[in-house]
Amino acid sequence: MMSSLELRPQGDREIVMICSFDAPRQLVFDAFTKPELVARWMLGPEDWTMPVCEMDVRPGGKFRWIWRHATKGEMAMSGTYHEVHPPSHIVHTERFDEPWSSGDALVTTRFEEADGRTTVTQIMLSESTEARDGMLASGMESGVKRSYERLDEILSQ
Amino acid sequence: MQRAARIDATFAALADPTRRAILALLAKGEKSVMELAEPFEMSQPAISKHLTVLERAGLISRGRDGQRRPARLEPKALAEATGWLEDFRKTWERNYERLDELLEEMKKKR
């Protein structure tokens, strides 16, 4: 059985996701890198299919993912692999086609095995115009989510 | 502003502890720049810079009360950013549940 999913913002532009699975690292790595397997699980919420799942998993290789919903239409994502180190980690960039997308995200995915269980850590760093404009102070405090919760408490008083 | 860019701006605005503290103060009621500078022992221009970042992120709005231009909280923008994160979490919980089932199948086939 899998562990629960740990998901939290980190700094001002990162999201970290950590989950572990009861499977050897090679199998988990395969599930992330073979298109016929990715199309079985990376479907998002219920009722979406993945009619297109093309992946050329090597440095410089590209991928193309298209999801389809019966009534909501399609969403498409493209990306490029930068580093591929089987079975330990992958670095790629990705972006949605849609105009609401805020540009490229840099994603680092690590696979670590202990006692037959594999922990997958994904760090998604999104591009931010505000960051490039230098509006941010250096040395960001992490734990934005905790801040939201604190503010929520105050706002609900 | 596009939704995703607005969420980025919200994250960026909230990443600063002074700005989070300003929002916490504004949750109690609107305040002028002068009223905000005092508890932080910061100059008014320094506070104004923070207010500009918060305003651009849609987290506060500025009133038109003459020169005072009081800052007030816009809680909907904050709620939108946290809502997005919860949607993202639900999506990936579902993805990983399916991955878990697939891995069980793959193990049997080995």
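For clarity, every value in this text was computed on a predicted model and none was experimentally measured. (Residues numbered from 1 in each chain as written. Chains lettered and ligands numbered in written order. Predicted model: local features only at pLDDT ≥ 70, side-chain atom pairs only at ≥ 80, totals over all residues. Heavy atoms only, no water.)

### With respect to the confidence of the model for chain B
Rules: pLDDT gives the predictor's per-residue confidence on a scale running from 0 to 100.
Averaged over all residues, the pLDDT of chain B equals 85, while 88% of them reach at least 70. In the model output, the complex is listed with pTM 0.65 alongside ipTM 0.79.

### Things to note about the pattern of salt bridges
So the rule is basically this: Every case where a carboxyl oxygen of Asp or Glu lies within 4 Å of a side-chain nitrogen of Lys or Arg is listed as a salt bridge. Starting at the N terminus, helices and strands are each numbered in turn, a helix being any DSSP run of H or I of at least four residues and a strand any DSSP run of E of at least two. A 1.4 Å probe rolled over the protein chains alone gives each residue an accessible area, and that area as a share of the maximum for its type sets the label: buried under 20%, exposed over 50%, partly exposed in between.
Taken as a whole and judged by the stated rule, the model has 13 salt bridges over all chains. In this structure, Glu46(A) engages Arg94(B) in a salt bridge whose closest nitrogen and oxygen atoms are separated by 2.1 Å. Taken as a pair, Glu46(A) in the loop between helix 2 (35-41) and strand 3 (48-55) and Arg94(B) in helix 5 (residues 75-109) lie in two separate chains rather than in one. Classification of Glu46(A) by relative accessible area gives partly exposed; the value is 41%. As a salt-bridge pair, Lys107(B) and Glu104(B) come within 3.4 Å of each other at their nearest N and O atoms.

### As for the packing of aromatic side chains
Both the distance between ring centres and the angle between the ring planes are used here to describe each pair of aromatic rings. Quick note on the threshold: Ring geometry is summarised as follows: Phe, Tyr and Trp rings, the Trp one being its six-membered ring, pair when their centres sit within 6.5 Å, and such pairs are stacked at plane angles under 30 degrees, edge-to-face over 60 and tilted between the two.
Counting across every chain of the model gives eleven aromatic pairs over all chains. Both rings, one in Phe29(A) and one in Phe111(A), keep their centres 5.3 Å apart while their planes meet at 70°; by these two values the pair is edge-to-face. Of this pair, Phe29(A) sits in helix 1 (residues 25-33) while Phe111(A) sits in strand 7 (residues 105-114), and the two are 82 residues apart along the sequence. Through a chain of ring-to-ring contacts, the aromatic side chains of Phe21(A), Phe29(A), Phe32(A), Trp41(A), Phe111(A), Trp92(B) and Tyr96(B) assemble into a single cluster.

### Focus on the pairing of strand 8 (residues 117-126) of chain A
Residues and elements named next belong to chain A. Threshold: For two strands to be treated as a pair, DSSP must find no fewer than two bridges joining them.
Looking at chain direction, strand 2 (residues 14-21) and strand 8 are connected through eight bridges and run antiparallel. Pairing of Ser20 across the sheet is with Thr119, part of strand 8. The pairing of strand 7 with strand 8 spans ten bridges and is antiparallel. Residue pairing in the sheet places Thr109 in a bridge with Gln122 of strand 8.

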